[in-house]
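Per-entry structural report
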Amino acid sequence: MVWLLALAIGALYAGGLYMMLRKTMVKLLIGLAMIGNAANLLIFTSSGIVRSKAPLVPKGAKTVEPPFADPLTQALILTAIVIGFAVLAFALALVRRTYEAVGSGGLEDMTEE
Amino acid sequence: MEPLIAVTAIFALALLAPQTSRLLAHRAGWLLSLLPFGLFAWMASLSPAVNADPPKWNQPWVPEIGLNLAFRLDGLALLFGLLITGIGGLVLVYAGEYMKGDPRAGRLLSFLLFFMGSMLGVVLADNLILLFVFWELTSVSSFLLIGFNSDEEGSRRGAIQALVVTGGGGLALLAGLVWMGQAAQTYEISNLPSLAGHPAYAGLFALVAIGCFTKSAQFPFHFWLPNAMKAPTPVSAYLHSATMVKAGVYLLARLSPTLGGTQIWEVTLTAVGGATMVVGGGLALIQYDLKRILAYTTVAALGTLVLALGIGGEKAAGAAMAFLLAHALYKGALFLVAGAVDHGTGTRDIRALSGLARQMPITGFAALLAGLSMLGVAPMGFLAKEMAFEAALSSPLAAVQAGALSLAAVAFAWVAFVVGWRIFRGTPSQPDAHEGSPGLWLGPMVLGLLGVGLGCAPAWLEGFVGSAAANSVMPDYQGHWSLWHGFNLALGLGVGCIVLGLVGARASERAVAWGAERKAVVGCERAYDAAIAGANRLAETFTSLVQSGRLRVYLQTTIGTTLVLLAAAMLRWTPDFPNRPFDVRPHEVLLLIAMLAGVIGAAHSKSRLSAVVILGVVGFGVALTYVLLGAPDLAMTQIAVEILTVILFVLTFIHLPKFQRASTLPTRLGDAAVATVFGAAMGFLCLVASEQRYGEPVSAYFVENSYPLAHGRNIVNVILVDFRGLDTMGEITVLALAGLGVVALWSAKRSGGGASTR
């Protein structure tokens, strides 16, 4: 499974960077979202992967028997997903506002010169 | 903690000064001067204690780094403290009257008090770092005061120049002081041992010397002082003649027992002091602006003090202290006279001034007294000069030191004649000249009288402060001050210099005319200008090099750096993952294929909508991955976020144009290559990271205690809302702020002021 994840993460990073290097603000944001997903997956993988065993304490038990997925990385990533969304929402609003002000969706129209 | 209270009280008074000035107008200075005069009396009353055993105060501040609010009042501190508070009080009175009717008077008084507190801190501090803090505060207040007339170009330039030169020296000084503290194992000044034989001596002496030389306007840093004359005259009298510029001399004197007595010390101080005396004295003769004349002689006088400290020995220490006092008195008086003349006639050009004695008799008398002291005839000046010559003549470098002293003495006599006598004699050239109010002549008169009077009682003066001050410079000082030493070489040299100076002053007009034609900036100042211009050019070049303003370039730089660092770290690794089983299941492969297709599709898509839909597909793929790997909470969140993201994108698109202007094929191929390399590196990193394990994961604690302590069965949730609840609080705050930002940006459109944004 780790091989597949490595491939997926690599592809998401590559695709994200490629999109960020384009000239349009919207593509920049799509790329940003992709790289965000890639980073989350990378952190997730680095804590070790366990198939379909969520960190849930079964009824009647006091603790969960290994192996189970690391709950701490999950908590971290959960925070990261939400923050990533907040950033994206703000960036989208900013893009819209910028377009209204500059009259273009192109990144290079915003540099002085 | 009297010194701390004293300094704090002055700072507090600085805050009250503007209000006082508003209430009392030009009489505010009289009221404000009560504090410095009170402190003057307090310090004077401590003189017996200072002579017996200098009082110390210590209050820990940051003891871990050896920084204490330590103060000590020894002879040297007493001498400076009396000058700072005494002249300071007179200058406050003077400044109030000088600025009469000017709405900025309160600000000037406030800055002057701010400086007074800082300077008092410098001389009372008994901790190297504390001393440095006050030292820098004096530089800041000096900057504020030189640039007081901020609407004048020259004023701003002078202020910045002074700050750059003294501030730059301050940096060297800080390094030197810290180094010294490390070498001596203490930051307490009164406990410093002699470092003359320490291996780091040369280095730390050089750094400290640069700090002192810049502050005290020594050659080749002397140029800032004449330019500082753009400040109002009371400031020039106080900061740039009597006190602040002597801070460097003070520190050299203070550290004389620690760093002095070596050949490096003697040669450096003699060379720099001597050069400063010659340059300052020479340039003073060709100026026509009263204040610039006085500024250049101040430069020469500071050089004299540095030279005297360089000579070392008892005689020189006594001479330095006597000259320091004499100079502060006569030069302070002459600056105040220059201000009064400017005030009474509207000009400071000596070519246009003559016969002022009839119109400004009191000021003229004060100028005469001060001039006599500068000439070296009135007791205080005579005493100082005799002692300096004697000290120089008995040193191994006698020829150089006595030579420099003679040249300076000739210049002093010349200038004393011009400033203290000639402009007051002859036929009046300024019909409107008039005497100022008492506040304007009190200061110069008191200083002038003291310059004569104190010198008449050398034994008393020595017992009061002189001996103790010299003792701080030269422990076990035994010398004694007297006016008459018999007919000797020193007396002969002194008289000779006076005669030469007075004869030379006949050529003053020609010298001034010659100097007035030469507007060229002096060499050292040109070097300063070149350095500043060079720094600006360097900054511009560097900025335009690294700040292209193009996102592409920033991204490429960031990614490139990341790749290099990653490669450096990973290539040293012998990977183990090739041996791992290729354990995959069919549905996982399908998921991967869907995600890969999504990524490629998004990169290729020509339409915005399809790109966003594909982004959604990829997001759902990630969510499914979470499901497969035991993270249902992540999957749920991811799905919710993906839906919202797509909605937001679509809402935004309604207002945006279609994708345009595709890059050229080579650009796209190049970007794709960079992106592929980056992706490969990150995939590789993923493989490497997944097999690294350092120590025990901290999550074991959460797993064990989730149910017993927090009564929650979903460990991820318990971590979020309980164990790491504060983090979640922060996360919510970020979300709320982003929400506010979005609302603000969306509603901004309705107010319609869009076109001006750039």
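In this text, all values refer to a predicted model and were calculated from it rather than measured experimentally. Numbering of residues starts from 1 in every chain and runs along the sequence as written. In the order they appear in the text, chains get letters beginning with A and ligands get numbers beginning with 1. Two thresholds apply to this predicted model, a pLDDT of at least 70 for residue-level local features and 80 or more for giving and counting side-chain atom pairs, whereas whole-chain, interface and lining totals are computed over all residues. Calculated side-chain values reflect all of the structure's heavy atoms, with hydrogen atoms and water omitted.

Thoughts on helix α9 (residues 201-215) of chain B
All names here are of chain B. Compared with an ideal rise of 1.5 Å per residue, which puts 15 residues at 21 Å, α9 spans 21 Å between its outermost C-alpha atoms and is within 8% of the ideal. For α9, the complete set of buried residues consists of Y201, L204, F205, V208, A209, G211, C212, F213, T214 and K215. Of the residues one or two after α9, A217 is the one with positive phi, at around 50 degrees. Only DSSP runs of H or I reaching four residues or more are called helices, and only runs of E reaching two or more are called strands; each is numbered from the N terminus. To estimate how far a helix should extend, the number of its residues minus one is multiplied by 1.5 Å. The classification of residues rests on relative accessible area computed with a 1.4 Å probe and restricted to protein chains. Under 20% of the type maximum is buried, over 50% is exposed, and intermediate values are partly exposed.

Description of the interface of chain B and chain A
By definition, residues are in contact when any of their heavy atoms lie within 4.5 Å. On the side of chain A, 90 residues touch chain B, which itself brings 102 residues to the contact. Summed over both sides, the interface between chain B and chain A buries roughly 8800 Å², with carbon and sulfur atoms accounting for 74% of that surface. Here's the idea: put two parts together, see how much 1.4 Å probe accessible area each one loses, and the total over both is what we call buried area. On the chain B side of the interface with chain A, the three residues burying the most area are L629, R713 and L745 of chain B, jointly 8% of the side's total. Every case where a carboxyl oxygen of Asp or Glu lies within 4 Å of a side-chain nitrogen of Lys or Arg is listed as a salt bridge. Inspection of the region where chain B meets chain A yields one salt bridge. Taking the shortest distance from any N to any O, the salt bridge between D671 of chain B and R22 of chain A comes out at 2.8 Å. Counted as a polar contact is a pair of N or O atoms within 3.5 Å, where, for protein atoms, one must be capable of donating a hydrogen and the other of accepting one, and residues adjacent in sequence contribute only when both atoms are in side chains. Viewed at the interface, chain A and chain B are joined by 10 residue pairs in polar contact (both at pLDDT 80 or more). Secondary-structure elements contributing two or more residues to the side of chain B that touches chain A are α26 (551-570), α27 (586-604), α28 (608-628), α29 (632-653), α30 (665-690), α31 (699-710), α32 (715-723) and α33 (725-751) of chain B. Looking at the side of chain B that touches chain A, the element that brings in the most residues is α30 of chain B, giving 16 residues. In the scheme used here, Gly and all other residues not listed as nonpolar or charged are polar, with Ala, Val, Leu, Ile, Met, Phe, Trp, Tyr, Cys and Pro taken as nonpolar and Asp, Glu, Lys and Arg as charged. Grouping the constituent residues of the side of chain B that touches chain A by class yields 61 nonpolar, 24 polar and 17 charged.

Details of the packing of aromatic side chains
Working definition: a ring pair exists when centres of Phe, Tyr or Trp rings (six-membered ring for Trp) sit within 6.5 Å. Plane angles under 30 degrees give stacked, over 60 give edge-to-face, the rest tilted. Under the definition given, this model contains 16 aromatic pairs over all chains. Ring centres of F80 of chain B and Y250 of chain B lie 5.1 Å apart, and the angle between their planes is 80 degrees; this geometry places the pair in the edge-to-face category. On the criterion of sequence distance, the pair formed by F80 of chain B in helix α5 (residues 75-98) and Y250 of chain B in helix α12 (residues 247-254) is long-range, its members being 170 residues apart. Note on F80 of chain B: relative accessible area 2%, which makes it buried. Seen from their ring centres, F702 of chain B and F723 of chain B are 5.0 Å apart, and the 50 degrees between their planes marks the pair as tilted. Of the two residues, F702 of chain B is situated in helix α31 and F723 of chain B in helix α32; the sequence distance between them amounts to 21 residues. Aromatic ring contacts, followed pair by pair, group Y201, F205 and W265 of chain B into a single cluster. For a ring to carry a charge above it, either NZ of a lysine or CZ of an arginine must fall within 6 Å of the ring centroid while also lying within 35 degrees of the normal to the ring plane. When the ring centre of Y18 of chain A is taken as reference, the NZ or CZ atom of R22 of chain A above it lies at 4.4 Å. Across the ring face of Y288 of chain B, the terminal group of R351 of chain B is positioned such that the distance to the ring centre comes to 4.0 Å.

Thoughts on the environment of F389 of chain B
Residues and elements named next belong to chain B. Structurally, F389 is set in helix α19 (residues 379-393). Counting along the chain gives 74 residues from F389 to K315, while the straight-line C-alpha distance between them is 9.5 Å. In contact with F389, not counting residues within four places along its chain, are A402, L405, S406, A409, A490, L493, G494 and C497.

Thoughts on the domain arrangement of chain B
Throughout, the edges of the domains are those of an automatic or database domain assignment. Each assigned domain of chain B is listed with its residue range as follows: domain 1 (304-521), domain 2 (548-583 + 675-692), domain 3 (587-661) and domain 4 (697-747). The gap between the C-alpha centroids of domain 2 of chain B and domain 4 of chain B is 30 Å.

Points about the nonpolar core
Put simply, a nonpolar core is a bunch of buried Ala, Val, Leu, Ile, Met, Phe, Trp, Tyr and Cys residues held in one set by side-chain atoms that sit within 4.5 Å of each other. Ranked by internal contacts, the top residues of the largest apolar core, which has 200 residues, are L112, M180, W224, L259 and M321 of chain B. When residues of this core are assigned to their parent elements, the largest contribution, 21 residues, is made by helix α16 (residues 314-345) of chain B. Look past the residues within four positions of L112 of chain B in its chain and what remains in contact with it is V91, L92, A95, L145, V235, Y238 and L239 of chain B. Listed in part, the 83 residues of the second largest apolar core include I30 of chain A together with V618, F649 and M682 of chain B.

Section: empty space enclosed by the protein
Unoccupied space between atoms shows up once a probe the size of one water molecule is rolled over them. All names here are of chain B. Residues are said to line a cavity or pocket when one of their atoms sits within 4 Å of a point; the points come from a 1 Å grid over protein atoms alone, cavities being sets where a 1.4 Å probe fits but cannot get out and pockets being open sets with protein on both sides within 12 Å along at least five of seven lines. Grid points are joined across faces, edges and corners, and a volume is the space filled by probe spheres set on the points. All told, the structure shown has seven cavities of 30 Å³ or more when counted by the stated rule. Considered as a void within the structure, the largest cavity measures approximately 160 Å³ in volume. Sorting the residues of the lining of the largest cavity by element identifies α16, α18 (361-375), α19 and α20 (398-420) as the ones contributing at least two each. With five residues, α19 is the largest single contributor of residues to the lining of the largest cavity. Its residues placed into classes, the lining of the largest cavity shows 12 nonpolar, three polar and one charged.

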